[in-house]
Amino acid sequence: MSEPERKRRKYRTEHNVNPGPGPPVLGEMNCDDATREPLDELNEWNRFNLSVENLNDCLITRCVCPWNFNDYQNIFIYSGNKCSDTENHSEILLFCSVIQLLCEEIARQNSVIIRSGKFCLTLKKLRVFLFHLNSDSDPTCLLQRFIRSPNQYVSFAAARALSAWLKAADEGACKVLLDRLLDNIISPLATSLSTLNTSGAHGPLPHTVSNLLDVLKSCIEAPDIEPHPTEGATEDESEDASFESSERTTSVKFICHGLLNMEETSEDSLGADQADLDCPDTESKDLKGSVIRALGKHWNVIVTYFHAALTLAQSATSLHSEDIFPLVSFLSLWQSTISVKANVSVLDSKPFYSRMEALLPIMTPSLDPMIWREMINLFNEVLCYGSTLALQDFLPDEPCNLAHLVIRHVRVERLLDRAPFQIGQNSSTNRSLMQKLVLLVLKAVAVTVKETRSESSSLESESNSESGHSTDPLRSEDSEDLHADMTVILRSIKQVFRIVDVRIKSWLPFHPETTLSEWMVKMFHDQDDALIETMLCSLDINNGLYSNCRGLNATSNSLQTGLLDLKGTLNPVQTWLKFLETVAYDTDVLLDLLVSNETCFLLYLLRLLKFIRRNWEDFLSVLTHRQLEDVMTCFIRLRIAIRRLVAKNLFPYNIGPIVKLLEKCEELYEGKEN
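Residues numbered from 1 in each chain as written. Predicted model: local features only at pLDDT ≥ 70, side-chain atom pairs only at ≥ 80, totals over all residues. Heavy atoms only, no water.

1. Examining the overall build of the protein
Tallying secondary structure elements over the protein gives 28 helices and 0 strands in all. Every one of the 674 residues in the protein was classed for burial, and the buried ones make up 50%. Nonlocal contacts in the protein, meaning residues at least 24 apart in sequence, comprise 75% of its contacts between residues at least 6 apart. With the model as given, the accessible surface of the protein reaches about 31,400 Å², and the carbon-plus-sulfur share is 50%. (Helix = DSSP H or I, 4+ residues; strand = E, 2+ residues; numbered from the N terminus. Buried < 20%, exposed > 50% of the residue type's maximum accessible area, 1.4 Å probe, protein only. Contact = heavy atoms within 4.5 Å. Areas by Shrake-Rupley, 256 points an atom, 1.4 Å probe, with all protein chains shown as cover.)

Laid out in structure tokens, this is it:
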């Protein structure tokens, strides 16, 4: 007997064992090998290709009922026979793609069934085979084998298929597979900690680790409903209609041939197993929470290994690109676990803030720029100012501690000087890293100022409650402490902004007299979300410092000098004027930003208008007569455009507070003209 035949017979014999309760054993695997003719290699490959082509034709209509159910057996058997042959990559890639396509369509119909109650009957039957772990039809064993392949394409395809499987399976099966995947990550990392090196020779393959981490990340970031390749939207009311029986014969999105004949077929004639094919309760599945909780149990081992790997990476003279990918994937996964979009509870997210401060000393010029950017992205995600922290009265300890560390590393450890910029090479990459660094510094300063303002408000409320008078000033000892704190904070902020200003002007061709308020708009003009967040940070820093000093009744020369210097460096009126000049005073752009949920422009505009109303004289002192006319004309046009949309019920939320503030500013302007 030839070697390929021996492998095929061995594989089928091992998988003919009855796995117990669950789906029936696949027919092809139950055949007696002694009475069965060995399949010719060419015929087997032709059957495999034909099965994949038939499935592709069926998935275009999102119904696989015309597909021969035995084709799944052909695909599975043939791929199983080939899994030990490292040269047959084409067959393995096709197998991974088939599993991914089936799981993606099942996941989509799982989400739609909540509204329509309809499901492709053959997919419903296939789901039992696909998601019954440890059975003959379970593809995850092969996929976990393929993800450890030395071939990067095979490993990547297997990771995509595993990710799709996790999103489509029920919660119990997901938890079992997650434990297995984490074991595939944790065990090699834990055993290789003592012999870690940058080449990865004593640990798992770098691309295997990277792909496993990417599987976990994709599960955390998975949207509730993913778009089908034939559709342009994720949620469409016409999608429900396509599942109704009245639309089955005309809809091109979904035609289930099994459902067409369902009324003519009784439930008893569908087979004994049909009653067990009901869809699971997909609403109760919490894949993100399951991944976060499973990761939290092993996070200490994971972060210890990768911290050691990052330390070695920053001291290595040269690092192969393949060795960078696991480090980037780890930092990207870390960012996803603490992201606001993940909507993770505070208790579950606590473990992921540990050891973060240890990353800052590693950020040296020898560290790869790609790793640098991921670290900055991680810190920016913790300091999620525009989306979360700017709205909170009292800030958590984790972002405050990180903000203090960032400011100290900018002032003392010269973080900006350590950035790995390549002069004269890849200017777009350098500019992106500069933007992330400046945004990080502004966020750190804004968080620190807001933290101080919260403490000041807390002490003031305690003093008022003790004295019984709402107008009493702070107690003298508290006032002296806050006065000293504000003096130190102002001095530190001035030093940080001076360092940032000098470094940016040495990197980018800005005029030496250009203030930070102006060049930051020019620097972020191609990034709407980052630009609006920097403008919000600038405004809140100014408001916070002036508010704290007014609360202290500050009259000392040091505080007054510090505030005047800050006003010249970071003036929110100059920033707003430069922004309007950048968008050519176009009210349509402002309306788009107000309606969009991708930026924090609504919060920024609300606070800016309040600032202008309270500080009208300061607002006038910054602008020339022509600039004032242009700004107020833009405000008036914006108010009229908003009222027109509100009258037609086209505005997506209550915009009343913005309209009232615009009217107040208009009244102040008319009073000034009169």
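2. What about the confidence of the model for the protein?
With 70% of its residues at a pLDDT of at least 70, the protein reaches an overall mean of 77. Within the model, pLDDT remains below 50 along residues 197–202, and this stretch shows 10 contacts once partners closer than five positions in the same chain are excluded. Confidence drops under a pLDDT of 50 for residues 469–474, and excluding neighbours within four residues, the segment shows 13 contacts in the predicted structure. (pLDDT = per-residue confidence, 0-100.)

3. Side note on helix α8 (residues 152–168)
Taking 1.5 Å as the rise per residue, α8 with 17 residues should run 24 Å; its terminal C-alpha atoms sit 25 Å apart, in good agreement. Among all positions of α8, only Val154, Ser155, Ala157, Ala158, Ala159, Ala161, Leu162, Ser163, Ala164, Trp165, Leu166 and Ala168 are buried. (Expected span 1.5 Å × (residues − 1).)

4. Description of the packing of aromatic side chains
On inspection of all chains with the given rule, the structure shows 18 aromatic pairs. Aromatic side chains Phe510 and Trp519 sit 6.0 Å apart centroid to centroid with 25 degrees between the ring planes, which places their arrangement in the stacked category. Neither Phe510 nor Trp519 differs from the other in exposure class; each is buried. Taken together, a centroid distance of 6.2 Å and an interplanar angle of 40 degrees make the contact between Phe579 and Phe601 tilted. One end of the pair, Phe579, is in helix α23 (residues 572–582); the other, Phe601, is in helix α25 (residues 601–614), and 22 residues separate them in sequence. A connected cluster of aromatic rings, assembled from ring pairs, spans Trp299, Tyr305, Phe306, Phe330, Trp334 and Phe352. (Phe/Tyr/Trp six-rings, centres within 6.5 Å; stacked < 30°, edge-to-face > 60°.)

5. Overview of the packing of helix α24 (residues 587–595) against helix α27 (residues 625–647)
One way to put it is that α24 packs onto α27 with a least axis distance of 9 Å and a crossing angle of 55 degrees. One finds that α24 runs oblique with respect to α27. Note that α24 runs across α27; the crossing there is right-handed. Seen from α24, the contacting residues are Thr587, Leu590, Leu591 and Leu594; seen from α27, they are Cys634, Arg637, Leu638, Ala641, Ile642 and Leu645. Of the residues that constitute the contact of α24 with α27, the class distribution is 8 nonpolar, 1 polar and 1 charged. (Axes fitted to C-alpha atoms, helices over the stretch in contact; angles between N-to-C directions. Parallel < 35°, antiparallel > 145°, perpendicular 65-115°, else oblique. Left-handed = near helix turned anticlockwise from the far one by under 90°. Nonpolar A, V, L, I, M, F, W, Y, C, P; charged D, E, K, R; others polar.)

6. Description of the pattern of salt bridges
According to the stated counting rule, one finds 14 salt bridges in the structure shown. One salt bridge in this structure joins Glu171 and Lys175, with 4.0 Å as the shortest N-O distance. With Glu171 and Lys175 both in helix α9 (residues 171–192) and 4 residues apart, this pair spans about one turn of that helix. For Lys175, a relative accessible area of 41% gives the class partly exposed. In this structure, the salt-bridge partner of Glu581 is Lys578, at a minimum N-O distance of 3.3 Å. Here Lys578 and Glu581 lie together in helix α23, a separation of 3 residues that amounts to about one turn. When salt bridges that share partners are traced, they join Asp286, Arg293 and Asp348 into one network. (Salt bridge = Lys/Arg side-chain N within 4 Å of Asp/Glu carboxyl O.)

7. Observations regarding the nonpolar core
Among the nonpolar cores identified, the biggest contains 188 residues, and Trp576 and Phe579 are the most heavily contacted of them. Residues contacting Phe579, with those up to four places away along its chain left out, are Val521, Leu531, Ile532, Met535, Leu590, Leu593 and Phe601. (Core = buried A, V, L, I, M, F, W, Y, C linked by side-chain atoms within 4.5 Å.)

8. Considering unusual backbone geometry
Backbone geometry places Arg414, a non-glycine residue, at a positive phi of 55 degrees. Residue Arg414 is classed as partly exposed on the basis of its relative accessible area, which comes to 45%.

9. Some words on a positive patch on the surface
A contiguous patch of positive charge on the surface is contributed by Arg453, Lys610, Arg613, Arg614 and Lys664. The dominant element in the positive patch, judged by the number of residues it contributes, is α25, at 3 residues. Of note, Lys610 is situated in helix α25. Residue class for Lys610 comes out partly exposed when judged on its relative accessible area of 33%. (Patch = residues over 30% accessible without salt bridge, like charges linked within 9 Å, V, L, I, M, F, W, Y side chains within 5 Å. Lys, Arg positive; Asp, Glu negative; His and termini not counted. Charge placed at Lys NZ, Arg CZ, Asp CG, Glu CD.)

10. A look at the packing of α23 against α25
The description of two packed helices rests on the angle between their axes and on the distance between the axes. Between α23 and α25, the least distance of the axes is 11 Å, while the angle of their chain directions is 125 degrees. Compared by their axis directions, α23 and α25 come out oblique. Seen from above, α23 lies across α25 with left-handed handedness. Taking contact as the criterion, the partners of Pro572, Val573, Trp576 and Phe579 in α23 are, on α25, Phe601, Tyr604, Leu605, Leu608 and Phe611. Looking at the contact of α23 with α25, its residues break down into 9 nonpolar, no polar and no charged.

11. Quick word on the environment of His132
Note on placement: His132 falls in the loop between α6 (121–130) and α7 (140–147). Exposure remark for His132: the relative accessible area of 21% places this residue in the partly exposed category. In this structure, the C-alpha to C-alpha distance between His132 and Ala173, residues 41 residues apart in sequence, is 7.6 Å.

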